[in-house]
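Examination of the molecular architecture
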Amino acid sequence: MNLEHYFISQFKSKIIGDDGAMLGEYIYSKDAFFENIHFKKNWISHYDIARRAMLVNISDAVAMNAKPKYILLSVAMPKTITKQQMNDLVRGFENVASEFGVEIIGGDTISNTKLDITITVVSKTKKPLLRKNIKSGYLLAYTGELGKANKELKKLLNLGKIHKNSKFIDIKLRDKFISTCRSLKAGMDISDGLFSDLEKLTSLNNIGVKFTKHIQKKVGCSGEEYEMLVAFDKRDIKKVLRVAQQTRTKVNVFGFATRRKYNNRCKAHHF
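Every chain is numbered independently, its residues counted from 1 as its sequence is written. Reporting in this predicted model follows two pLDDT cut-offs: at least 70 for local features of residues, and 80 or more for side-chain atom pairs to be given and counted; totals over whole chains, interfaces and linings ignore these cut-offs and use all residues. Just so you know, side-chain values use all the structure's heavy atoms and leave hydrogens and water out.

This part takes up the overall build of the protein chain. Looking only at helices and strands, the protein chain has eight helices and 10 strands in total. A radius of gyration in this sense is built from C-alpha atoms; the matching globule rule multiplies 2.2 Å by the number of residues raised to 0.38. By the compact-globule yardstick of 18 Å for 271 residues, the protein chain fits well, its C-alpha radius of gyration being 18 Å. On the principal axes, the C-alpha backbone points of the protein chain span a range of 55 × 40 × 40 Å. Categorising residues by exposure relies on relative accessible area from a 1.4 Å probe, with only protein chains included: less than 20% of the type maximum marks a residue as buried, more than 50% marks it as exposed, and the intermediate range marks it as partly exposed. A buried classification covers 50% of the 271 residues belonging to the protein chain. Looking at the protein chain alone, contacts between residues at least 24 apart form 86% of all its contacts between residues at least 6 apart. Here Asp and Glu are counted as negative and Lys and Arg as positive; His is not counted, and neither are the chain ends. A charged residue contributes its charge at one atom only: NZ of Lys, CZ of Arg, CG of Asp or CD of Glu. Taking the average location of the 48 positive side-chain charges in the protein chain and that of its 27 negative ones, the two points are 7 Å from each other. Only DSSP runs of H or I covering at least 4 residues are called helices, and only runs of E covering at least 2 are called strands; the numbering of each starts at the N terminus. Contacts are assigned to residue pairs with any non-hydrogen atoms lying within 4.5 Å of each other.

Given below as structure tokens:
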């Protein structure tokens, strides 16, 4: 057990374990987006920093088939920040909020040595998509393409430049596919990498994975993808692929749930 999992395991709430905390029809989720941890200011503009912070957080609501309603922002800013940079942050936050019909209702601002953002999303759902209830034999799949985010991150770390439409900047959430596809039995967003997030699913459901498709380690360990990892009954594969086509979502079936033990081949992202 890595240190992140150990820390979380010390809390005894039964609600902990999904992309957000479900209380009735409401989902509460929260993620941090900190300078020099998740981004560097010379990588992307303040506008794109705000957009990415919002999309990363809304991804948790999408993963649980929830409609984001309200957002609370906590922004710690260095004293050297300019009014123009502040305006760019506000514009980035509000543009994403407008795209998803979310209202920013408050939060907190403090002075800091760097730019750190924490966002709380309040969402609502009538049919939540949880991580549990995966049975042996269920097919496992991921949306879109994996590997590009890690490739672009390495380019940035080597002082290279990436395109403004790069996946690292312009995250595409799968909200239409998730909200339309009623055949999905379980799911989560891929934030720590496919192999690492599979470890969370298999541990929670006490299952293993039989891979039917070879996935390179550099692809399976690529974090910050924000695609969806989903499970569904093999009898529903035609329904799933039909919705995927309707929503222009690429769905890649790579294996199925078994009773064999699953071993994650990736290093921990957080600790």
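So that's the structure; there's more coming.
Next up on the list: the pattern of salt bridges. The salt bridge criterion pairs a side-chain nitrogen of Lys or Arg with a carboxyl oxygen of Asp or Glu, the two atoms within 4 Å. Evaluation of the coordinates by the stated rule reveals 13 salt bridges. Residues Asp 116 and Lys 114 are paired through a salt bridge, measuring 2.9 Å at the closest nitrogen-oxygen approach. The salt bridge involving Lys 200 is made with Asp 197; its shortest N-O contact spans 2.9 Å. Of this pair, Lys 200 and Asp 197 both sit in helix H6 (residues 194-205), three residues apart, which is roughly one turn of the helix. Here the salt bridges share partners, and the residues they tie into one network are Asp 192, Asp 197 and Lys 200.

This part covers the sheet that holds strand E1 (residues 21-23). Here the rule is simple: two strands pair whenever DSSP picks up at least two bridges between them. With mixed pairing, five strands are arranged side by side in an open sheet as E1-E2-E5-E3-E4. The sheet terminates laterally at E1 and strand E4 (103-112), the two strands that pair on one side only. Strand after strand, the sheet turns through a mean of 15 degrees between neighbouring axes, direction not considered. Bridge count between strand E3 (residues 67-78) and strand E5 (residues 116-124): nine bridges; the pairing is antiparallel. Looking at E5, one finds that Val 75 is bridged to Ile 117. Axis definition: a line fit to C-alpha positions, over the contact stretch in the case of helices; interaxial angles, taken between N-to-C directions, run 0 to 180 degrees.

Moving on, we come to the nonpolar core. Each nonpolar core is a collection of buried residues, namely Ala, Val, Leu, Ile, Met, Phe, Trp, Tyr and Cys, held together in the definition by side-chain atoms within 4.5 Å. By size, the foremost hydrophobic cluster in this structure holds 49 residues, and its most contacted members are Phe 93, Ile 117, Ile 119, Phe 177 and Leu 184. At the level of secondary structure, the elements contributing two or more residues to this core comprise helix H2 (46-63), E3, helix H3 (83-99), E5, strand E6 (139-143), helix H5 (175-180), strand E9 (227-232) and helix H8 (237-246). Per-element accounting of this core gives the leading share, nine residues, to H2.

A few words now on the packing of H2 against H3. Put simply, H2 and H3 touch, their axes get as near as 7 Å, and they point 35 degrees apart. The handedness of the crossing between H2 and H3 comes out as right-handed. Here H2 contributes His 46, Tyr 47, Ala 50, Arg 51, Met 54, Leu 55 and Ile 58 to the contact with H3, which in turn contributes Gln 85, Asp 88, Leu 89, Arg 91, Gly 92, Phe 93, Asn 95, Val 96, Ala 97 and Glu 99. Only Asp, Glu, Lys and Arg are considered charged, only Ala, Val, Leu, Ile, Met, Phe, Trp, Tyr, Cys and Pro nonpolar, and every remaining residue, Gly among them, polar. Taken together, the residues that form the contact of H2 with H3 break down as nine nonpolar, four polar and four charged. By the definition used in this description, the sense in which the near helix is turned from the far one sets the handedness, with an anticlockwise turn below a right angle giving left-handed and a clockwise turn giving right-handed.

What follows covers the side chain of Thr 247. Residue position: Thr 247 is located in the loop between H8 and strand E10 (251-258). Throughout this description, a polar contact denotes any pair of N or O atoms lying within 3.5 Å of each other; where both atoms belong to protein, one of them has to be capable of donating a hydrogen while the other can accept it, and for residues adjacent in sequence the pair is counted only when both atoms sit in side chains. Within the structure, Thr 247 has its side chain in polar contact with the side chain of Thr 249 (distance 3.0 Å). Setting aside its immediate chain neighbours within four residues, Thr 247 contacts Lys 176, Phe 177 and Thr 180.

Where E3 and E4 come together, nine bridges link them in parallel fashion. Within E4, the residue paired with Leu 72 across the bridge is Gly 106. Assessed by its sense of winding, the connection that carries the chain from E3 through H3 to E4 is right-handed. Crossovers are described as right-handed under a simple rule: with the strands pointing away from the observer, the path leading from the first strand over the helix to the second runs clockwise.

One open sheet holds the five strands; their spatial order is E7-E9-E6-E10-E8, and the pairing between them is antiparallel. Either end of the sheet is taken by a strand with one partner, and the two such strands are strand E7 (184-190) and strand E8 (208-211). The average angle at which neighbouring strand axes cross in this sheet is 30 degrees, direction not considered. Pairing geometry for E7 and E9, over six bridges, is antiparallel. Bridge pairing in E9 places Asp 189 opposite Met 228. Together, E6, E7, E9 and E10 form the strand contacts of H8, whose direction differs from that of E10 by roughly 150 degrees.

Our focus in this paragraph is a nonpolar patch on the surface. Every patch collects residues that have over 30% relative accessible area and no salt bridge, joining them within 9 Å if they carry like charges and within 5 Å if they are nonpolar side chains (Val, Leu, Ile, Met, Phe, Trp, Tyr). Throughout, the Shrake-Rupley method with a 1.4 Å probe supplies accessible areas, and for residues the shown protein chains are the sole cover considered. Nonpolar side chains collect at one region of the surface, where Tyr 6, Phe 7, Ile 8, Phe 11 and Ile 16 lie side by side and expose about 520 Å² of accessible area between them. Along the chain, Tyr 6 turns up in helix H1 (residues 3-9).

In this fold, Arg 174 is placed in the loop between helix H4 (148-157) and H5. Side chain to side chain, Arg 174 and Glu 227 meet in a polar contact 2.8 Å long. The contact partners of Arg 174, leaving out residues within four places of it in the chain, are Val 62, Thr 143, Gly 144, Glu 227, Met 228, Arg 248 and Thr 249.

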